[in-house]
Amino acid sequence: MYRGAAFGLITALVLTACGGGGDTDDNPLTGDSGGGDGKTVVVGSANFPENQLLAEIYAQALEDKGLKVTRKFDIGAREVYYDQVVKGGIDVFPEYNGALLSVAVDKNSTATGTEDINAELKEKLPSSVEILDSAAAEDKDSVTVTAETAAKYELKTLADLKPVAKNMTLGAGSEFKTRTQGGVGLKKVYGVEFGKFQPLDAGAQTTLVKLLKDDKVQAANLYTTDPAIVADKLVVLEDPKNLFSSQNVTPLVHKDAVDDTARAALNGVSAKLTTEDLLEMMKKLVNDKEDTDTVAKDWLTSTGLVN
């Protein structure tokens, strides 16, 4: 998933370090032992602001319950961090259930609704990990265009792109090109093939929005809680065939590292978090330039989850 403000591109060196496939003891992401044995709970995040915000919310909620937390944020894309949760280098991670299923667990899954997605995840995830309760909050992938481009090509849905995409450049995180819920699915489900693809790091959403507004790319993979969509009057193309599945914010945890106290704290966050909350918090991060830890604390306080 993506979004954001002034966060730089992840360097190849960092990706290489984070992506090592060896034993956990050799992994640079490995921290202290997890919360299940009374030690530190390692909370990780991907390399885009919204996910870092969610990870900070999780971290503060856990700390409020007396648990010690180590933060390992800005790790990279799912292709990098998922293996670390499975191996126990990371204990808690804010995930998006649909993308978790289709990208990391079962690329052939056809589940699109929240209940079906979570049922498959519970059945198919490796035995070392599990998902906790999903939040109502959802942040879906989209293909988004400017109002001018929508008017020029009469675009309302993804299907409308089929006859004109060959004349357009799509901007997105580099992994979007090869994902089922991405370039592969656009071709298979809608028959859409873009003339050019402009890859960016998953955390470079500000750059992507600028490229879109400057007509350097004519379509962009934006997330539906990106404040730029409203602020710049961008057009999210409708997805009548549900290429992009439900993307509920869902804690992914390493089973042995989280105890009942940690589970209750994380499920408490999920019970309160709405899409509207997420969009409002992203506005504070992106537009008002507030600090991530402040935005997280304010939300937790406003919901009564922390004092």
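Residues numbered from 1 in each chain as written. Predicted model: local features only at pLDDT ≥ 70, side-chain atom pairs only at ≥ 80, totals over all residues. Heavy atoms only, no water.

1. Remarks on the pattern of salt bridges
Thought 1: Using the criterion set out here, one finds 11 salt bridges in the structure.
Thought 2: For E95, the salt bridge is made with R78, and the minimal N-O distance between the two is 2.9 Å. With a gap of 17 residues between them, E95 in strand 3 (residues 92–96) and R78 in helix 3 (residues 78–87) connect regions that are remote in the sequence.
Thought 3: The class of E95 is buried, set by a relative accessible area of 0%.
Thought 4: Put simply, D232 and K213 hold a salt bridge, and the shortest N to O gap is 3.4 Å. Of this pair, D232 sits in the loop between helix 9 (228–231) and strand 9 (235–236) while K213 sits in helix 8 (residues 205–213), placing them 19 residues apart in sequence.
Thought 5: K213 sits in the partly exposed class, given a relative accessible area of 48%.
Thought 6: A network of salt bridges, in which partner residues are shared, links E56, E63 and R71. (Salt bridge = Lys/Arg side-chain N within 4 Å of Asp/Glu carboxyl O. Helix = DSSP H or I, 4+ residues; strand = E, 2+ residues; numbered from the N terminus. Buried < 20%, exposed > 50% of the residue type's maximum accessible area, 1.4 Å probe, protein only.)

2. Details of the sheet that holds strand 7 (residues 196–200)
Thought 1: A sheet is described by the order of its strands in space; here 5 strands give the open sequence 7-6-8-5-9, paired in mixed fashion. Every other strand in the sheet has two partners, leaving strand 7 and strand 9 as the edge strands with one partner each.
Thought 2: Packing of helix 8 onto the sheet brings it into contact with strand 5 (141–145), strand 6 (169–173), strand 7 and strand 8 (219–223), and relative to strand 8 it is tilted by some 145°. (Pairing = 2+ DSSP bridges. Contact = heavy atoms within 4.5 Å. Axes fitted to C-alpha atoms, helices over the stretch in contact; angles between N-to-C directions.)

3. Concerning the nonpolar core
Thought 1: Core analysis: the biggest nonpolar cluster contains 54 residues, and V43, L62 and V249 have the highest contact counts within it.
Thought 2: Each residue touching V249, except ones within four places of it in the same chain, is listed here: L54, Y58, E95, Y96, D133, S134, A135, A137, S270, L273 and L278. (Core = buried A, V, L, I, M, F, W, Y, C linked by side-chain atoms within 4.5 Å.)

4. Brief notes about unusual backbone geometry
Thought 1: The phi dihedral of E154 falls on the positive side, at around 55°, and the residue is not glycine.
Thought 2: Mapping E154 onto the fold places it in the loop between helix 6 (147–153) and strand 6.
Thought 3: For E154, a relative accessible area of 66% corresponds to the exposed category.
Thought 4: Its identity is not glycine, yet K233 carries a phi of approximately 55°, on the positive side.
Thought 5: In this structure, K233 sits in the loop between helix 9 and strand 9.

5. Here's the deal with the packing of helix 4 (residues 97–105) against helix 5 (residues 114–124)
Thought 1: Interhelical geometry of helix 4 versus helix 5 gives an angle of 45° and a closest axis separation of 9 Å. In terms of axis orientation, helix 4 runs oblique to helix 5. With respect to the hand of their crossing, helix 4 and helix 5 are arranged in left-handed fashion. In this structure, helix 4 uses N97, G98, L100, L101 and V105 to contact helix 5, whose residues at the interface are T114, I117, N118, E120, L121 and K124. (Parallel < 35°, antiparallel > 145°, perpendicular 65-115°, else oblique. Left-handed = near helix turned anticlockwise from the far one by under 90°.)

6. Section: the environment of Q247
Thought 1: Within the element layout of this structure, Q247 appears in the loop between strand 9 and strand 10 (249–254).
Thought 2: Between the C-alpha atom of Q247 and that of L101, which follows or precedes it by 146 residues, the distance is 9.9 Å.
Thought 3: Among the polar contacts listed, one links the side chain of Q247 to the side chain of Q181, at a separation of 3.2 Å. (Polar contact = N/O pair within 3.5 Å; in protein donor to acceptor, adjacent residues only side chain to side chain.)

7. Points about the packing of aromatic side chains
Thought 1: Counted by the stated rule, this structure contains 4 aromatic pairs.
Thought 2: Their ring planes at 35° and their centres at 6.4 Å tell us that F176 and F244 sit as a pair that is tilted. With F176 in the loop between strand 6 and helix 7 (183–190) and F244 in the loop between strand 9 and strand 10, the pair connects residues that are 68 residues apart, well separated along the chain. (Phe/Tyr/Trp six-rings, centres within 6.5 Å; stacked < 30°, edge-to-face > 60°.)

8. Comments concerning the pairing of strand 3
Thought 1: Taking burial as the measure, the 5 residues of strand 3 include 5 buried ones, the bulk of the element.
Thought 2: Burial along strand 3 is two-sided: the face carrying V92, P94 and Y96 and the face carrying F93 and E95 are both buried.
Thought 3: As paired strands, strand 3 and strand 10 are joined by 5 bridges and run antiparallel to one another. Paired with Y96 across the bridge in strand 10 is V249.

9. Some thoughts on the environment of D232
Thought 1: Relative accessible area serves as the criterion here: at 29%, D232 is assigned to the partly exposed category.
Thought 2: Each C-alpha atom of the pair D232 and A147 lies 9.0 Å from the other, and the pair is 85 residues apart in sequence.
Thought 3: Filtering out sequence-adjacent residues up to four positions away, D232 remains in contact with V209 and K213.

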